[in-house]
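Single-letter residue listing:
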Amino acid sequence: MLALKLKIREEYLRLLPPLPPAEYEALKESIRVNGLLNPIVVNPKGVILDGVHRYRACMELGIEPKYVIKKFNDPLEEKRFIIESNLMRRQLTKFQRIEAALPLIEIERELAKKRKLSTLKKGDELPDPQKFGERGEALELVAKKIGVSHETIRQALWLIENAPKEELDKLCRGE
């Protein structure tokens with residue numbers, strides 16, 4: 001198998017909050033001492049889906065990173081994987097987890113729409129587009145995945161839209 005040239009996609013980096021410097025240094029030290037224990041997950045084009053920080057640490061340490069290729073049938077499923085694989089592993093406050101999971105709501109709605117359209121037969125009437133993946137259903141699904149109630153997500157959405165930046169920063173710090 002030919003080695004892939006691994007790449008970082010900026011769009012994917014923006015899906016999650018950055019790793020704090022102290023956590024990155026601890027990760028880098030662990031890789032220096034123990035080697036890369038978990039392979040980096042990439043798509044068939046070499047775009048890193050999980051393990052950007054492990055990859056960067058390996059590059060800084062001069063270690064050849066191990067990787068596995070994961071294929072998805074839909075770019076939305078790829079994005080969902082990126083978010084979900086990182087959300088529960090990172091040391092995030094509840095509010096940071098919710099913020100990071102917000103794109104999952106739209107992803108789940110879009111995937112529901114695609115599933116619904118794929119089941120239609122020729123001549124079937126198209127369903128009301130407003131009913132695809134109702135936001136409430138997507139909120140509940142995402143809430144279960146990140147271990148909070150759908151009401152907590154609703155409250156966080158209100159805060160994100162209405163609270164002053166200083167208050168949002170405090171929430172991110174867990175204050």
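See above for the structure.
Report on the accompanying structure. Predicted model only: the values in this text are computed from it and were never measured.

What counts and how
- The numbers attached to residues start from 1 for each chain and follow its sequence in the written order.
- In keeping with the predicted nature of the model, local features appear solely for residues at pLDDT of at least 70, side-chain atom pairs appear and are counted solely at 80 or more, and the whole-chain, interface and lining totals rest on all residues.
- The side-chain figures draw on all heavy atoms in the structure; neither hydrogens nor water molecules are used.
- Orientation is described by axes fitted as lines to C-alpha atoms, over the contacting stretch for helices, and by angles from 0 to 180 degrees between their N-to-C directions.
- Helix and strand labels come from DSSP, where a helix needs a run of H or I of at least four residues and a strand needs a run of E of at least two; each type is numbered from the N terminus.
- In this scheme, roughly parallel covers angles under 35 degrees and roughly antiparallel covers those over 145, while 65 to 115 is roughly perpendicular and the rest are oblique.
- Contacts between residues were defined by any pair of non-hydrogen atoms, one from each residue, lying within 4.5 Å.
- Amino acids outside the nonpolar list (Ala, Val, Leu, Ile, Met, Phe, Trp, Tyr, Cys, Pro) and the charged list (Asp, Glu, Lys, Arg) are all regarded as polar, and Gly is one of them.
- Nine residue types can take part in a nonpolar core, namely buried Ala, Val, Leu, Ile, Met, Phe, Trp, Tyr and Cys, and a core is a set of them joined through side-chain atoms within 4.5 Å.
- Exposed residues in this analysis have more than 50% of their type's maximum accessible area, buried residues have under 20%, and partly exposed residues fall in between, with area computed by a 1.4 Å probe over protein chains only.
- A helix's residues, less one, multiplied by 1.5 Å, set its expected span.
- Pairs were defined over the aromatic rings of Phe, Tyr and Trp, the Trp ring being its six-membered one, requiring ring centres within 6.5 Å. Orientation was assigned from the angle between planes: stacked under 30 degrees, edge-to-face over 60, tilted for the rest.
- Charge-over-ring contacts are defined here by two conditions on Lys NZ or Arg CZ: a distance within 6 Å of the ring centre and an angle within 35 degrees of the ring normal.
- What counts as a salt bridge is simple: a side-chain nitrogen of Lys or Arg found within 4 Å of a carboxyl oxygen of Asp or Glu.

**So, the packing of helix α5 (residues 94-118) against helix α8 (residues 165-173)**
Consideration 1: Running from N to C, α5 and α8 cross one another at 105°; their axes reach a closest spacing of 6 Å. Regarding the angle of α5 to α8, the classification is roughly perpendicular. Counting all contacts with α5, which are made through F95, Q96 and E99, the residues of α8 involved are L168, L171 and C172.
Consideration 2: Of the residues assigned to the contact of α5 with α8, the class counts are four nonpolar, one polar and one charged.

**Topic: the nonpolar core**
Consideration 1: One finds L87, I146 and I153 to be the most contacted residues of the largest nonpolar core, which totals 31 residues.
Consideration 2: It is α5 that contributes the most residues to this core, eight residues altogether.
Consideration 3: L6, L19, I31 and V52 belong to the second largest nonpolar core, which has 13 residues in total.

**Some words on the side chain of R54**
Consideration 1: Examined against the element boundaries, R54 turns out to sit in helix α3 (residues 52-61).
Consideration 2: Not counting residues up to four positions away in its chain, the partners in contact with R54 are L27, I31, L36, N38, P39, I40 and R89.

**Some details on helix α4 (residues 75-87)**
Consideration 1: In this model, α4 (13 residues) spans 19 Å end to end at C-alpha, consistent with the 18 Å of a helix rising 1.5 Å per residue.
Consideration 2: Within the span of α4, buried status applies to L76, E78, F81, I82, I83, S85, N86 and L87.

**Topic: the packing of aromatic side chains**
How two aromatic rings sit relative to each other is given by the distance of their centres and the angle of their planes.
Consideration 1: Scanning the model with the defined rule gives one aromatic pair in all.
Consideration 2: Arranged with centres 5.5 Å apart and planes meeting at 45°, the rings of F72 and F81 form a pair that is tilted.
Consideration 3: On the basis of relative accessible area, F72 is assigned to the partly exposed category, the value being 24%.
Consideration 4: Above the face of the Y12 ring, R9 is positioned so that its terminal group lies 4.8 Å from the ring centre.

**Some words on the pattern of salt bridges**
Consideration 1: Taken as a whole and assessed by the stated rule, the structure comprises twelve salt bridges.
Consideration 2: K79 is the partner of E11 in a salt bridge, and the nearest nitrogen-oxygen pair spans 2.6 Å. Residue E11 is found in helix α1 (residues 10-13), and its partner K79 is found in helix α4; the two are separated by 68 residues along the sequence.
Consideration 3: Residue K79 is classed as partly exposed on the basis of its relative accessible area of 24%.
Consideration 4: Close ionic contact of D169 with K165 constitutes a salt bridge, the shortest N to O distance being 3.1 Å. Linking D169 with K165, this pair stays in helix α8, spanning four residues, or about one helical turn.
Consideration 5: In this structure K165 comes out as exposed when scored by relative accessible area, which is 56%.
Consideration 6: A single network of salt bridges, built from pairs that share partners, joins R80, E84, E108 and K145.

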